[in-house]
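Listed below, chain by chain, are the residues.
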Amino acid sequence: MPILTETKKEEKVYRQLESNTLLQQIMFQYMLEGHQASEEKHLAWVTSGFPVEIPVAMGVGVSYPEQYGAVVGSQKVGPELCGYAEEIGYSQELCSYARSSIGSVEKPSESPMEGLPTPQALLACNNICGTVLRWYDAVSEQTGAPVFLLDTPPIDGEQPEHHKEYVRRGIDRLVDFLGRTFNATLTEKRMREVAALSSKAIHLWTSSLAACKNTPSPLNCADRFLAMAPVVSMRGTDLIIDFYQTLLDEVESRVKNSIGAIRDEKIRLLWDNIPPWHAIFRFFNGLAKRGVVFPADTYTHAWSGAIEGDDLYESVVSIYSNVYLNKGLDAKVDKMCELIEDYNLDGFLMFSVRSCKRYSLGQLISKELVTERTGVPGVIIEGDMVDSRVFNEAQIQTRIDALLEMFI
Amino acid sequence: MGKYGIGIDIGSTTAKGVLLDNTLKIISDFIMPTGASGSRAVEKIMDEIASSSKLKLKGIPIISTGYGRTRVENAEQSVTEITCHSVGIHSLNPDIRLLIDVGGQDSKVIRIGQDGRPVDFELNDKCSAGTGRFLEVMAGVLGVSIDELGPLALKSLSPATISSTCTVFAESEVVGHIGAGKDPADIAAGVHASMAAKIASLSKRVGTVRPVCITGGVALNPAFRYYISKQLGTELWIPEKPQFTGALGAAVIAIRGLSG
């Protein structure tokens, strides 16, 4: 009779990435660098679709309020932080990233990490939405930092010449603005170095994304939503190259050994929109238990344009004007259909985010068009990325269950 | 395939149970208010089915559905009301491709595929104005029972306009009409027309395919049937017991399985 009975612990349904340790380290370092830049009066806050390579090439530190919103959501304090903004008069209908940000500036001592480090400039690009301008105006009132708007009018179809010219002038004004505000200069040599680093990170990142075409998929939604943080916030720095190389190595090793992100992959779905940060693990891991994996999404694929060519600024204009959210509904439908076909997906889940009108508008129509073109079913669930007060789990559950029953 | 199957539908307002045999003949059914305890409702339904069918229910597979579906302890599996309604209606009338179910606290529009399974659906569970609750509130304001509200509305020759899309504000509007001395029949007609318009727009989102089937407790209301048919411009098909189709579908699944 054996003295010790060894019971093998059941393997978790969700396999954590080893490269997450490195991710945490660089995100911590990034935060420290932000504080240092702020102390040296050299910090700008930027929107997620801003051509960050330019401030980076001019030696300006950057922090991302949208990423801070994701942190607020993950720490489940969205209702509190949004509430601080609502107390001073902002509507509950306003973007919850904006409310978290305005709320944290209002009450830093009651906010995660005591809020983002104080900015000396606010750089907004409206290629992701029009709210960013008013939001940064509000933060400007609170902090005194000046706002720079890079205006990128929406595009339907090909970008016309006059549009390119207009955005190009905006880039010139940006360089002037940063020069004046931070007493900094932009050299072609430095811009080339930064663009090369940015392109390298993006190339490594998109290779990891593309590896999810394999079955089983080496990454699930939550993996990508966490791993995208450096490519969103630190494009153009060498700090992140190591991480994306390590991630790609791990992803390739998973593919080679047929190891999936989840233990038992049965159904492959597309995710559309920002995730519910306040429930990200519970949500995706809960579905993983039922064999549902998300090999692709429309969000993390948004950072995929590499700045290249003889005229780097022309490339900047093209990449930042043509982001997913700055284009018409047709382009969004095309992208979803392309992902469903390329990644061999069985259906799609669209998250209608109450605060993000720009991303969510048109989902009813696109759902119909995507099903018509691909023949796969989809469902829309409603909620919010940060504000968990508008996330009704029972209603979401019924919709998802009904979708999954279509595959039985 | 088992000899019998039981479907239990725990809705927000009523709980329903259906016992079927394997020819899909209904042996017994029972409906009651869900009340505060879903599990007590399940117990009562099982007792009623057992006594009316004179069968021993032990060993008969149970499928649960409805908002309380996960809390039915003896169920083999819980299946959403979307799939159950679809399967239930298909077992009664395989030609139906569009189902509108108006329950106590939500409404749903389901496109049914050729095999009887849902292929698309839309739910309204954010706003009470498109649900049975809307009619209950309005019946209360007009001082009639819920069963009297539909027949009253059908007497109207000149329906009142209810412009609000919210139960609370529509209630104020109805109170205003009463104060202005409007005929209760006209007000009741306006209430039904307003609710039908809301549900018709949900239905148009999924795409109206004739004939349209209406289920749920509200399908028993003749004025609602009249106005929804007018709004959609189509004839309706209504099962004999429109409140039971979810439980019926669950019982069919209990016999044939989800993929059967």
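Anything mentioned here points back to the structure above.
Residues numbered from 1 in each chain as written. Chains lettered and ligands numbered in written order. Predicted model: local features only at pLDDT ≥ 70, side-chain atom pairs only at ≥ 80, totals over all residues.

Enquirer: Can you tell me about the overall build of chain B, naming the residues and giving the values?
Expert: Within chain B one finds eight helices and ten strands. Along the first, second and third principal axes, the C-alpha set of chain B runs to 60 × 35 × 30 Å. Buried residues in chain B amount to 51% of all 260 residues. Put simply, of all contacts in chain B between residues at least 6 apart along the chain, 68% involve residues at least 24 apart. (Helix = DSSP H or I, 4+ residues; strand = E, 2+ residues; numbered from the N terminus. Buried ≥ 20, exposed ≤ 12 C-beta atoms within 10 Å, placed from the backbone. Contact = placed C-beta atoms within 7 Å.)

Enquirer: Which residues make up the interface of chain A and chain B, and what values go with them?
Expert: With eleven residues of chain A at the interface, the matching set in chain B holds 15 residues. Considering every element that reaches the side of chain A that touches chain B, the biggest residue donor is helix 17 (residues 393–405) of chain A, with seven residues. Looking at the side of chain A that touches chain B residue by residue, the classes come out as six nonpolar, two polar and three charged. (Nonpolar A, V, L, I, M, F, W, Y, C, P; charged D, E, K, R; others polar.)

Enquirer: Describe the sheet that holds strand 1 (residues 43–46) of chain A, listing the residues and the values that go with them.
Expert: Residue and element names in this part refer to chain A. Strand order in the open sheet formed by four strands is 2-1-3-4, with parallel pairing between adjacent strands. The open sheet terminates on both sides in strands that have one partner only, identified here as strand 2 (61–63) and strand 4 (147–150). Strand-to-strand twist of the sheet, defined as the mean angle between neighbouring strand axes without regard to direction, takes the value 25°. Sheet topology note: the strand 1/strand 2 ladder contains three bridges and is parallel. Looking across to strand 2, one finds that L43 is bridged to G61. (Pairing = 2+ DSSP bridges. Axes fitted to C-alpha atoms, helices over the stretch in contact; angles between N-to-C directions.)

Enquirer: Explain the sheet that holds strand 8 (residues 378–383) of chain A to me, using residue names and the numbers behind them.
Expert: For sheets, the rule is that strands pair by backbone hydrogen bonds, running either parallel or antiparallel. Residue and element names in this part refer to chain A. One open sheet accounts for four strands, arranged 6-5-7-8; its pairing is parallel. Every interior strand has two partners, whereas the edge strands, strand 6 (292–297) and strand 8, have only one. Each neighbouring strand pair of the sheet contributes to a mean axis angle of 30°, computed without reference to strand direction. Where strand 5 (residues 267–272) and strand 7 (residues 347–353) come together, four bridges link them in parallel fashion. Note on strand 7: the bridge partner recorded for L269 is G347. Contacts from helix 16 (residues 363–374) reach strand 7 and strand 8 within the one sheet, and its direction differs from that of strand 8 by about 160°.

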